[in-house]
Amino acid sequence: MTGPVVVGPDDHRYAELVRGDNYRFVGRPDHVELVSTPGQVAQALERAVRAGKRVAVRSGGHCGEAFIADPDVRVVIDLSLMADVSFDPEMGAVAIEAGATVGHVYKTLYRNWGVTLPAGVCTAVGAGGHITGGGYGPLSRLHGLVADHLYAVEVVHVDAAGEVRTVVATREPDDPHRDLWWAHTGGGGGNFGIVTRFWMRSPGATGTDPAQLLPRPPASLLIAMVNWSWDQLDLPAFTRLIRNFMAWHVEHSGVGSPYAGLFASLWVRHRSGGDLTMYVQMDATAPDAESRLAEFLAAVDEGVGAEPFVFRNELPWLTGVRYMGQGDSGPVLGARNKSKAAYLRGVHTDEQIAGLHRWFTSEDYFGRESLMMLNGYGGAINAVAPEDTASAQRDSVIKAAYSAAWSDPAEDELHIGWVRGLYEELYAATGGAPVSDDQADGSYINYPDVDLADPERNTSGVPWHQLYYKDNYPALQAVKAAWDPRDVFHHDLSVRLPSSCPAQPARSTRQAPEKAMTYSTEHIPDRYDFESMYTGDAEAPPVQPWDIGRPQPALVAVHEAGLISGDVLDVGCGLGDNAAFLSSKGHRVTAVDVAETAVKEARRRAEAKGVDIEFVVTDATRLTGFDGRFDTVVDSACYHALAEDERKRYLTALHDACRPGARLHLFSFAEELEAPFPGPHRHSAQSLREVVGSVWNVVSVEAATYSSSLGVDDITAMIKAEYPDAEADPAQLDGLVLDELGKATMPVWHVVAERRG
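Thresholds, definitions, all that
Residues numbered from 1 in each chain as written. Predicted model: local features only at pLDDT ≥ 70, side-chain atom pairs only at ≥ 80, totals over all residues. Heavy atoms only, no water. Pairing = 2+ DSSP bridges. Helix = DSSP H or I, 4+ residues; strand = E, 2+ residues; numbered from the N terminus. Axes fitted to C-alpha atoms, helices over the stretch in contact; angles between N-to-C directions. Core = buried A, V, L, I, M, F, W, Y, C linked by side-chain atoms within 4.5 Å. Buried < 20%, exposed > 50% of the residue type's maximum accessible area, 1.4 Å probe, protein only. Contact = heavy atoms within 4.5 Å. Phe/Tyr/Trp six-rings, centres within 6.5 Å; stacked < 30°, edge-to-face > 60°. Lys NZ or Arg CZ within 6 Å of the ring centre and 35° of its normal. Polar contact = N/O pair within 3.5 Å; in protein donor to acceptor, adjacent residues only side chain to side chain. Salt bridge = Lys/Arg side-chain N within 4 Å of Asp/Glu carboxyl O. Parallel < 35°, antiparallel > 145°, perpendicular 65-115°, else oblique. Left-handed = near helix turned anticlockwise from the far one by under 90°. Nonpolar A, V, L, I, M, F, W, Y, C, P; charged D, E, K, R; others polar. Arc of directions from axis to C-beta.

Draft legend 1. Summary view of the sheet that holds strand S3 (residues 55–58). Read from one edge to the other, the open sheet built from four strands follows the order S1-S2-S4-S3, with strand pairing classed as mixed. Each end of this open sheet is capped by a strand with a single partner; those strands are strand S1 (5–7) and S3. Direction aside, the axes of adjacent strands within the sheet are offset by 20° on average. Here four bridges tie strand S2 (residues 31–34) to strand S4 (residues 75–78), and the two strands are oriented parallel to one another. In the strand pairing of S4, His-31 is matched with Val-75.

Draft legend 2. Main features of the nonpolar core. With 136 residues, the main nonpolar core has Leu-45, Trp-228, Met-278 and Phe-296 as its most contacted residues. Top contributing element to this core by residue count: helix H7 (residues 235–252), with seven residues. Beyond its immediate chain neighbours, meaning those up to four positions away, Trp-228 contacts Leu-233, Leu-241, Leu-266, Asp-275, Leu-276, Met-278, Val-300, Asp-301, Val-304, Ala-306 and Pro-308.

Draft legend 3. Just the pairing of S3, in detail. Because side chains alternate across S3, one face comprises the buried residues Val-55 and Val-57, and the other comprises Ala-56 and Arg-58, equally buried. Here four bridges tie S3 to S4, and the two strands are oriented parallel to one another. Residue Arg-58 lies in a different strand from S4, and its bridge partner there is Asp-78.

Draft legend 4. Geometry of the packing of aromatic side chains. In total, this model carries 23 aromatic pairs according to the counting rule given. With 6.0 Å between their ring centres and 70° between their planes, Trp-464 and Tyr-473 make a pair best called edge-to-face. An identical accessibility class is assigned to Trp-464 and Tyr-473; each is buried. Centroid distance Phe-669 to Tyr-706: 5.6 Å. Interplanar angle 70°. Geometry classified as edge-to-face. Here Phe-669 is found in strand S21 (residues 658–669), whereas its partner Tyr-706 is found in strand S22 (residues 697–707), with 37 residues between them in sequence. A single burial state applies to Phe-669 and to Tyr-706, both of which are buried. An aromatic cluster is built from Tyr-136, Phe-263, Tyr-343, Tyr-377, Tyr-444 and Tyr-447, whose rings are joined through pairwise contacts. Its guanidinium or amino end placed over the ring of Tyr-23, Arg-19 lies 5.4 Å from that ring's centre, counting from NZ or CZ. Lying over the aromatic face of Tyr-259, Arg-292 brings its terminal NZ or CZ to 5.1 Å of the ring centre.

Draft legend 5. Region of interest: the sheet that holds strand S13 (residues 309–316). One open sheet accounts for seven strands, arranged S13-S10-S12-S11-S15-S16-S14; its pairing is antiparallel. Lying at the two open borders of the sheet, with one neighbouring strand each, are S13 and strand S14 (336–344). Here the average twist between neighbouring strands, direction ignored, is 15°. Pairing of strand S10 (residues 220–228) with S13, which is carried by eight bridges, proceeds in the antiparallel orientation. Within the sheet, the bridge partner assigned to Ile-223 lies in S13 and is Asn-313. The strands touched by helix H12 (residues 412–426) within the sheet are S14, strand S15 (371–376) and strand S16 (398–406), with S16 carrying the most contacts at an inclination of about 160°.

Draft legend 6. Quick peek at the environment of Arg-271. With respect to the secondary-structure elements, Arg-271 resides in the loop between strand S11 (262–269) and strand S12 (276–283). We classify Arg-271 as partly exposed; its relative accessible area is 40%. Setting aside chain neighbours within four positions, we find Arg-271 in contact with Trp-230, Asp-231, Phe-360 and Thr-361. In this structure the side chain of Arg-271 is engaged in a polar contact, spanning 2.9 Å, whose partner is the side chain of Asp-231.

Draft legend 7. Quick peek at the pattern of salt bridges. A full pass over the atoms with the stated rule returns 41 salt bridges. The closest approach of N and O atoms between Asp-30 and Lys-53, which form a salt bridge, is 3.1 Å. Note that Asp-30 is positioned in the loop between helix H1 (14–17) and S2 and Lys-53 in the loop between helix H2 (38–50) and S3, a separation of 23 residues in sequence. A residue is classified by how much of its surface remains accessible, and Asp-30, at 29% relative accessible area, is partly exposed. Asp-567 is the partner of Arg-588 in a salt bridge, and the nearest nitrogen-oxygen pair spans 2.8 Å. With Arg-588 in the loop between helix H17 (577–584) and strand S18 (589–593) and Asp-567 in the loop between helix H16 (553–560) and strand S17 (568–571), this residue pair connects regions lying 21 residues apart in the sequence. Owing to a relative accessible area of 60%, Arg-588 belongs among the exposed residues under this scheme. On the basis of relative accessibility, which here comes to 13%, the residue Asp-567 falls in the buried class. Each of Glu-65, Lys-338, Lys-340, Arg-420, Asp-449 and Asp-451 takes part in salt bridges that share partners, so that together they form one network.

Draft legend 8. A look at the side chain of Asn-458. By the element assignment, Asn-458 lies in the loop between H12 and helix H13 (464–469). Looking at Asn-458, its side chain comes within polar contact range of the side chain of Ser-460, at 2.6 Å. Not counting residues up to four positions away in its chain, the partners in contact with Asn-458 are Gly-431, Ala-433, Asp-451, Leu-452 and Leu-467.

Draft legend 9. Region of the structure containing the packing of H16 against H17. Across the interface, H16 lies against H17 with an axial gap of 11 Å and an inter-helix angle of 20°. Accordingly, the angle class assigned to the pair H16 and H17 is roughly parallel. In this structure, the crossing between H16 and H17 has a hand that is right-handed. Across from Leu-555, Val-556 and His-559 in H16, the residues of H17 making contact are Asn-578, Phe-581 and Leu-582. A breakdown of the residues in the contact of H16 with H17 according to their chemical character gives four nonpolar, two polar and no charged.

Draft legend 10. Main features of the pairing of strand S6 (residues 93–97). Most of S6 sits out of view: five of its five residues are buried. Bridge analysis of strand S5 (residues 85–88) against S6 gives four bridges, and the strand direction is antiparallel. When the sheet's bridge partners are listed, Val-85 is paired in S6 with Ile-96. Hairpin remark: S5 followed by S6, antiparallel, with four residues in the connecting loop; positive phi at Gly-92, about 65°. Sheet topology note: the S6/strand S9 (residues 194–200) ladder contains four bridges and is antiparallel. Bridge pairing in S9 places Ala-95 opposite Trp-199.

Draft legend 11. Representation of helix H20 (residues 685–693) within the structure. Those residues of H20 not exposed but buried are Ala-685, Leu-688 and Val-692. Across the axial projection of H20, the buried residues extend over an arc of 55°, all falling on one side. Close packing links the buried residues of H20 with helix H19 (644–656), S21, S22 and strand S23 (745–754).

Here it is as structure tokens:
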């Protein structure tokens, strides 16, 4: 193919491509780009970054929450055309492109080389999300997680300077990018960049024969399907069945267990939709396979007192995979769903099991596709230390999933309420969440649940990231700071940039300074006297950093992207260059500033350029006479000059000055993004989401670049003036990013928000 396939809203394919497996969420991006090479991925990402558009990536489309189909996402990069599975002799590993489905990977690996990966039973899931989240499957008790076999990963990311880079990270101990490899062994998708390829080779595997580099599956499987009717399962029988299944896994899921070749999944369906079914597979080549399978079936059914239907067979391995596999039924049926999960270490109490029985037999609820799955794991999974990969849960024995699926949007509240009620009652003793204790151990990031980040639903006091990542979260944050310092990739459960861990400097050809410079912020005032600055007070800097004599390039990019409309309020307008630019583009502009001297100069410049702007001297935290006038507000570095007690009042004043549907574009110096010179108050992306979001509906917080009027000599003079004891050596500013005019740039957050109400 010569280029990506770009599908916009007018294309008949658009409706298909803005939906994933979960029809609860429908995206509305400006376009979807179906890419077929890593180069096309990089180009698509660069275009989105340059345009200031929020981007998301999709491989198989099986995300349970609105991470990709988020209405705020403007560009979706779709990897489904990148589905190659081949042997790479240079890497000595099997290369899997991120858009390949699990079913395609199974077939290609097995039919070419007789090997496999311990991946899942949902064959339509994309490799991109499956592997990055860890990846569990029926062979995991024998061979561990899929991520345990990950040798290398190719990632397209955005560095601190806003440049799109492509890097290959391996598990080799001396690889300088090893941290990025580690983060993709369970850190989950949508965090650090776009994975385009995985290279798979089992630890300890050597040689160049692909048939020897990955696990060999059993030649055949013993298959069993056991069905218990609800009509025969009163509470004592149900309790005995659940306890038997869980207790067996507690006893027989140790590393090296002779039952490692046995995998079982117990499906408890709501009574209105079916019965209880257990699917089992056993390595038919294992010693005493027949007797061990029979012993397991007897142990689960012991004392239940019902007569189950039992079907048994022996099938070739790949056929057995398809027997247990789940097809891509969600999109076909237009299914909507809500899922929750938990890692389990121990057996549920009788009280918990009684609660499950009540929820699954309730007569006032009809849930044909509502179920609980208890999947038995442990074994080889638990042979890996929690810190060796990003998959931290390494001593559980069961992974539980609780879900409902339906098709009628009018039933959303009913089914979501049922799943939430069941889950929160089941874990009521620990605040409605599976907090790590003797029985549970958090949740699985590939079954994401935004409720765990909602303090009204998760009342445990344990944050969502501890439930998903445990003690690995700080290390994941460090990887985030190093490889996605501008927070280009984010969603409701993404790894957050650490407020105490500054982003690494841009990777460039310039030599980094031997000694990093740090600057105290104690001298920064709560409030600035801008009038004194403009009148040349002795305390004012010799050069105004924001007076660049032209509109801010970041603002120009926002306008060129078509994101500024109607009547515009330029708040904290300074010397008016942004206002003049917007007026020249046909907008009716009102520009306000607290400094009278600045407004006078701004008015003079506007008259010289022949543009008509309404200038007003006023305090932006107390705007009066502007109620409901504006469609767009532009804040070009005003917010970060405000004192803490002024910020919410300021945001409220802007809100009141706008019409319904108005948008705010706010640029604020970024706390997480390192700049080698001092500056005013800086704010984290998270604090901006919280504070701005308390008044406005935040659409996105994306990194951008703010231009200044300062050359290297100006910055050196500034450092000497503000920090007399600092060694203001210009050589120590080597990490400084200069624009085409030789002036310093500063990383900022660009907040886009919509008027609430």
